[in-house]
Every structure is written in structure tokens, then in C-alpha cells.
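The lines below spell out each chain.
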Amino acid sequence: MVGHRWKTSAGYPHGVDWPQVIHLAKSLALKLLLTLLVLTAVVLGLGRLLATQVTDFRTDIEQWATQHLGQPLRIGSLRAGWQGITPQLVLKDVSLLSPQDGAVVLSLSEIRLRLSLFDSLRTARLQLRELTLSGVDILVKRRSDGSLVAAGLEQLSAGQGDASALFLIPSRISLTDSDIYWQNLAIGAAPVHFSNVHALLTNAGGQHSFSMTLQPPGTGNGRVQLSADITGDLNSPAGWSGEVYIKGQQLALAELLKYRIPEGYRFRRGQADFELWSEWKKGRMRWLGGSTGLQNLELVQLSQENRVANKILQIDRLGGNIRWQYQTDGWDLDIQDIRLERMGLNWPNSRFSIATRFDPRGHLHIRSGADFLRIEDIGAVIRMFPLPDPEFEQALASMRPHSDLHDLRFRYDADDQHTRWSARGTASSLFTKHWRAIPGVNNLSTRFWANQDRGTLQLEGRDTQLRFPRLFRDPLTLQRLEGLLQWRRQPDGGWLVDTRNLLASNRDLSTRSRLRLAFPADPKQSLFM
């Protein structure tokens, strides 16, 4: 019929009764939901029934784990249960044995596994939701290539010798009440024992979040807190990147650094605090910043004969804010707000910077500067270590210089043929004892510049005292002492020191003189004046 519009009796187009469809969909959804609830109840019921029988399968689980781990596993006891609708399996007194001699290489007081029920049903495979390890006693080693491995787990078939592979399976891993021994194979030191370790690792694909607290060695209340957000493959030393935060409080250096400093030295006491942030790319640190502090530090050098203290360095307090930055051809270090207290004297807040670079041929270049240094404190540190030139060591010990150094700059350049360096700065209130033909000085200010072959020293003295023990019994007091002192290396290896216009005056005299000293290359020869 032309012009006739086809309708159902209800008047809806296309013959579809939409209210009935919606009602049917709701009915089917309700029935499916009820069916799912019934099936879930059946699964949970069967699971609870099987949980009571799981202890009968302890031997089977040991055999299955041994087969997959590639190493024998022993379980003291086993039980299963439910936490809400989450099934869990609890293993007590677990030991991983060496396949060679059966010795225990890893022990745990408890392993608690929580399964993801719905993910397991959806994928038809067991899916771990959370793994909790308690009472772990393990040795972790850092190889020279930066990779980590747990002692005794090198042959795990699943991890190909890398223990970190085990921790990529569940989405959440907890470590509680554990003891970890850390050994850096790159330096060959004995393991460090960290106790009361609590850690949490969460995994979401290639995203990893890690947090840890632990107690370092020592008898104090020291604590270390660590957290990290990492992206990438933890099995590959260069396969991950991320950000790391670490904070240490009241760390006992005597225990923490035992056997980790050069042989013949030891920290008798000292406490460290730090808070640091760092950025890592491809497994290597690219940036580090934060604050550090040391208190009541005492470092001793032991004599080789009877192992008693030969030299002692004491620092009351040392701290500052640091920033280290990786560069493609070197690195930069900047330390600000340096605070040092030694022998009851405080440094003013100062800054130290150093930049190193390597040219395409591998030659080292250094640029460095400091706002302030106290020469007696630097000398105390230098004297703790053997110096390449015994003559300089003897001069430093005899003259015992004291002075405040300002606006220091230093540069170093090396190539295949030569090594070049230069330094400049100012010194105030210089004090030295006499040594050989060099007079003792008290209250002398100077400006200096020097390199490997020559140097200049601008004298600017007011109320300065000079000590010439071989010439005068009493010190010579000068109201003014001014002049330019120069030195240069001679072709035969000796040194020539001279000043052409040295002004010295006091109430009794005023002179302008010229001084010339020749230091022969052979120390057995006499000094010429």
C-alpha cells in the first residue's frame, strides 16, 4: 500500500519492542551475576576444602620448586588459607641448598604467597599478587659490571644467575625482619651486615617502585632509608633508569667503613648523616645532590711495626651541600655552604668546585676553585698520607704553616709529553716556622701565582715578624714589609729565588734591598745566598 507506514501492534518501528529487550537484558544480566556468584562460591568452597589438604603436598611442592629453581629446596612446614577472598600459601623454615654439597645457601623463616584469584581464573595460570619474605638471611654481591647476585643463587635457571629476576614475578614483594650482607666485589672488601631490614617492591610492567629501611653496622641508633622509582629491565646492568633517594642518620663510620679504607688507616670514631637524591640512566648515575655531615671524626694512621697510632686527624664537624653532575667527557662537582670546625676554630661558609674533562686522546684536564681554605687544616689532612717528595713532607712538617687562603684557583692539563698546572690566590695572616735558610714568618699577607716552572709572591706585611735563628736571637719586627718575590726552575733542576726591591721598615730602620737565593738540584750541595 502506497503511503502506508508499517508498525507493530504496539506502534514501535521495525518490529522491535524495546522495553521488552531492556527488561530481558536486565534479567539475563541478573541471572549471569547470580551464576557468577554461585560459581565463585563453589570455587572458594573447593579452595577452602583443598586448603585443608595442602600440607599433604609438601613433598610435591619441594620437588616442583627444585625442578624449576635448579637447586634443592626444603620446606619445614606448609599451610594454606584465605584472607578474605584471596587465597594464600604460607611456607615455614624454607632453605635453599647448594646442588654441589647440600649446604644451606639461603634461609627464610617464612614465605607468604597471596594469589590473584580472578587473574588466575582469567588467564588459566597461577598469578601471584603478593610475596612476603620474612627472616631472610642472605649475602648480596655487586659485580664489577654493576649487576647484583645473591650468593648461592648464581645457578638459578629462571634468573640465569641474577637474583633480581626472581623479584619480577609478583606485582608486590615485601621483605621483613631480615638480615642482608652486602659485598662489593669491585673493591674486594669483606661483607657489611645490615640488620632489621624491611623492604617493599611493587612492579607494574616495566615500572618498579622500591622502598627500604635498615640498620647499618654499629652499636648506635643509625638508620638508612632508601626509595627508588625505576623503569626498565632490572636484569640488565644498563637496562634501567630511574631516580633514587637515600637518607642516613647517625651512621657509625668506625664499623661502616671498617676494611673499606686504605690499609694502615682506621676510623676510631665518627658519625655521618646524609640526605641525597640521584638520577640514573642506563644503570649509571648521572646526577647526585643533597647534604652531608660528619661529627667527631677521628682518623688514625697505624705504624707498620706495632700497629699503633702514628698520626691522628681529628675533625669536630664537617658538612655541606653537594651537587655532582655527569658530563659526556667528564664530571662536575660543586660543594656549597661548607662548614668545618677543627681544634675549636670554625670556617666561614665557603664553596668548592672542581670540573674534570678528558679530551679525545684521553688526557685529563682539571679546573678547580675555592672561596676559602685554612692551610693548617689542609696540611693536617695532607700529612696523614705519604707524599711523593720526602723533601716537601719534611718542609711541611718543620714549617707548620698557618694561614687563611682566599679566592683560590687551580688548573691542570696533561698531554703525551708534558704535565702543566697553575695556581693562584691570596693568603692572610701567614705564620711559618723557619726551615733551613727560609726565615720564620708571623702575620704576613700575600698574593701568589705559580706553575710547574715559576711563580710570584707579592708580600704585603704590616706588623710582621721575621725569625732568623742563625742571625738574630730575637724576631725582627717590621711595620712594613713589601716586595715581589719571584722563583723559577733552573736548567739543571735547581731553583732560583730573588726579589729586586724588598722594602722593610720599622722605627729603627728603613731599607730597600735585593735578595737572591739559589737552591741546587742536589740536596747535598750548599744553598747559595
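See above for the structure.
So, here is what we can say about the structure in this document. (Residues numbered from 1 in each chain as written. Predicted model: local features only at pLDDT ≥ 70, side-chain atom pairs only at ≥ 80, totals over all residues. Heavy atoms only, no water.)

Bringing the overall build of the protein chain into the picture now. The secondary structure content of the protein chain amounts to 6 helices and 25 strands. Taking all 529 residues of the protein chain together, the buried fraction comes to 33%. Here the protein chain has roughly 32200 Å² of accessible surface; of this, 56% comes from carbon and sulfur atoms. (Helix = DSSP H or I, 4+ residues; strand = E, 2+ residues; numbered from the N terminus. Buried < 20%, exposed > 50% of the residue type's maximum accessible area, 1.4 Å probe, protein only. Areas by Shrake-Rupley, 256 points an atom, 1.4 Å probe, with all protein chains shown as cover.)

Every buried residue of helix H5 (residues 375-382) is accounted for by Glu376, Asp377, Gly379 and Ala380. One side of H5 carries all its buried residues, which in axial view fall inside an arc of 160°. (Arc of directions from axis to C-beta.)

Residues Ile378, Ile382 and Phe392 make up a contiguous nonpolar surface patch of about 230 Å² in total accessible area. Along the polypeptide, Ile382 turns up in helix H5. (Patch = residues over 30% accessible without salt bridge, like charges linked within 9 Å, V, L, I, M, F, W, Y side chains within 5 Å. Salt bridge = Lys/Arg side-chain N within 4 Å of Asp/Glu carboxyl O.)

For the rest of this paragraph, the subject is empty space enclosed by the protein. Under the counting rule described, the total for this entry stands at 1 cavity of 30 Å³ or more. If you add up the space inside the largest cavity, you get close to 40 Å³. What lines the largest cavity is simply Gln215, Pro216, Pro217, Gly218, Gly220, Gly222, Gln250, Leu251 and Ala252. Take the lining of the largest cavity: its biggest share by element is 3 residues, from strand S11 (residues 240-252). (1 Å grid on protein atoms, 1.4 Å probe; cavity = no way out; pocket = protein on both sides within 12 Å on 5 of 7 lines; lining within 4 Å. Points joined across faces, edges and corners; volume = space filled by probe spheres on them.)

Right, let's get into the packing of aromatic side chains. Counted under the stated rule, the structure contains 4 aromatic pairs. Ring plane angle 50° and centroid distance 5.2 Å describe the contact between Tyr245 and Trp277, whose orientation is recorded as tilted. Taken together, the positions of Tyr245 in strand S11 and Trp277 in strand S12 (residues 265-281) put the pair 32 residues apart, joining distant regions of the chain. A relative accessible area of 40% means that Trp277 is categorised as partly exposed. Pairing Tyr265 with Phe385 gives two aromatic rings, centres 5.2 Å apart and planes at 35°, and the pair type is tilted. Of this pair, Tyr265 sits in strand S12 while Phe385 sits in the loop between H5 and helix H6 (390-399), and the two are 120 residues apart along the sequence. (Phe/Tyr/Trp six-rings, centres within 6.5 Å; stacked < 30°, edge-to-face > 60°.)

Strand direction decides the pairing type here: strand S24 (residues 495-505) and strand S25 (residues 510-519), joined by 9 bridges, are antiparallel. In the sheet register, Thr499 faces S25, and the bridge partner there is Leu515. From the end of S24 to the start of S25, which pair antiparallel, there are 4 residues. (Pairing = 2+ DSSP bridges.)

What follows concerns the environment of Ser236. Counting through the fold element by element, Ser236 comes out in the loop between strand S10 (223-232) and S11. Separated by 47 residues in sequence, Ser236 and Gly283 place their C-alpha atoms 8.3 Å apart.

With that settled, the discussion passes to the side chain of Ser350. Summarising the element assignment, Ser350 is placed in strand S17 (residues 350-358). Those residues in contact with Ser350 that sit more than four places away from it in its chain are Ile335, Gln336, Asp337, Ile338, Asp371 and Phe372. (Contact = heavy atoms within 4.5 Å.)

A few words on the pairing of strand S22 (residues 454-467). One ladder, built from 10 bridges, connects strand S21 (residues 440-451) with S22; its direction is antiparallel. Across the sheet, Val441 pairs through a bridge with Leu466, a residue of S22. The loop that links S21 with its antiparallel partner S22 comprises 2 residues. Sheet analysis places S22 next to strand S23 (residues 476-489), joined by 12 bridges and oriented antiparallel. For Arg462, the partnering residue across the bridge sits in S23 and is Arg480.

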